[in-house]
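A structural walkthrough
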Amino acid sequence: MSDAALWSALADPHRRAIVALLLERPRPVGEIAEACGLSQPSTSKHLKVLREAGLVRVRQDAQRRVHALDPAPIAALDAWLEPYRRLWNRSLDALGRRLDETSDAPRHPPPPKD
């Protein structure tokens, strides 16, 4: 699936909440709907978008359809983010060093009040 489809699927807060639930364990649609406070039809539509983006797999378990995360697209997103994570870490390290330098500097007493 394309990167655009993955980002588009994850742009919706309800779908991100569903992904967060599925991180814990596979779940049937009714359980996802209840946990997210959504109707079952609305939850099914969100799950369809996540399935079409390749983020979620579904398997039949007797009368239920159980949804689970597919880790491969998440790993692809993580790989795409890696260069940015390195940039952020360097920037945060530099900020930390600067804060350490300023906290070690002598403090001046406040000016006297008139």
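Residues numbered from 1 in each chain as written. Predicted model: local features only at pLDDT ≥ 70, side-chain atom pairs only at ≥ 80, totals over all residues. Heavy atoms only, no water.

Looking up the chain in an unreviewed UniProt entry gives the name Transcriptional regulator, with the organism given as Streptomyces alanosinicus.

Some remarks on helix H4 (residues 40-52)
For H4, with 13 residues, the first-to-last C-alpha span of 18 Å sits near the 18 Å given by 1.5 Å per residue. Within H4, burial applies to Thr43, His46, Leu47 and Leu50. End-on view of H4: buried residues confined to an arc of 100°, all on one side of the axis. Those residues of H4 that are exposed and aimed more than 90 degrees away from the buried face are Pro41 and Lys45. Those residues of H4 that are buried lie in contact with helix H1 (3-10), helix H2 (13-24), helix H3 (29-36), strand E2 (56-61) and strand E3 (64-69). Backbone nitrogen of Ser42 and a side-chain oxygen of the N-cap are separated by 3.2 Å at the start of H4; the cap is Ser39. Looking at the residues trailing H4, positive phi occurs at Gly54, about 85°. (Helix = DSSP H or I, 4+ residues; strand = E, 2+ residues; numbered from the N terminus. Expected span 1.5 Å × (residues − 1). Buried < 20%, exposed > 50% of the residue type's maximum accessible area, 1.4 Å probe, protein only. Arc of directions from axis to C-beta. Contact = heavy atoms within 4.5 Å. Polar contact = N/O pair within 3.5 Å; in protein donor to acceptor, adjacent residues only side chain to side chain.)

Here's the deal with the nonpolar core
Membership of the largest hydrophobic core comes to 16 residues, with the highest contact counts inside it found for Ile18, Leu22, Ile32, Leu47, Leu50, Leu55 and Val56. Contributing elements (two or more residues each) for this core: H1, H2, H3 and H4. Residues contacting Ile32, with those up to four places away along its chain left out, are Ile18, Leu21, Leu22, Arg27, Thr43, Leu47 and His67. (Core = buried A, V, L, I, M, F, W, Y, C linked by side-chain atoms within 4.5 Å.)

Overview of the pattern of salt bridges
If you walk through the whole model with that rule in mind, you get 10 salt bridges. A salt bridge links Asp78 to Arg85, with the shortest nitrogen-to-oxygen separation between them at 2.6 Å. Looking at Arg85, the relative accessible area reads 26%, which means it is partly exposed. A cluster of three or more residues bridged by salt bridges with shared partners is formed by Glu24, Arg25, Arg27 and Glu31. (Salt bridge = Lys/Arg side-chain N within 4 Å of Asp/Glu carboxyl O.)

Here's the deal with the packing of H2 against H4
Contact geometry of H2 with H4 gives a least axis separation of 10 Å together with a crossing angle of 80°. The angle between the axes of H2 and H4 places the two elements in the roughly perpendicular class. Residues His14, Arg15, Ile18 and Val19 of H2 pack against Thr43, His46, Leu47, Val49 and Leu50 of H4. Per-class residue counts for the contact of H2 with H4 are five nonpolar, three polar and one charged. (Axes fitted to C-alpha atoms, helices over the stretch in contact; angles between N-to-C directions. Parallel < 35°, antiparallel > 145°, perpendicular 65-115°, else oblique. Nonpolar A, V, L, I, M, F, W, Y, C, P; charged D, E, K, R; others polar.)

Regarding the side chain of Arg15
Looking at the secondary structure, you find Arg15 in helix H2. Although Arg15 is buried, it forms no salt bridge, and the closest oppositely charged side chain is Asp12 at an N-O distance of 4.4 Å. The contacts of Arg15, once residues within four sequence positions are left out, are Ser8, Ala9, His46, Val49 and Leu50. (Lys, Arg positive; Asp, Glu negative; His and termini not counted.)

Examining a nonpolar patch on the surface
On the surface, a nonpolar cluster with roughly 840 Å² of combined accessible area is contributed by Trp7, Trp80, Tyr84, Leu87, Trp88, Leu92, Leu95 and Leu99. The element that contributes the greatest number of residues to the nonpolar patch is helix H5 (residues 71-104), accounting for seven residues. Relative to the helices and strands, Trp7 resides in helix H1. Given the relative accessible area of 36%, Trp7 is considered partly exposed. (Patch = residues over 30% accessible without salt bridge, like charges linked within 9 Å, V, L, I, M, F, W, Y side chains within 5 Å. Areas by Shrake-Rupley, 256 points an atom, 1.4 Å probe, with all protein chains shown as cover.)

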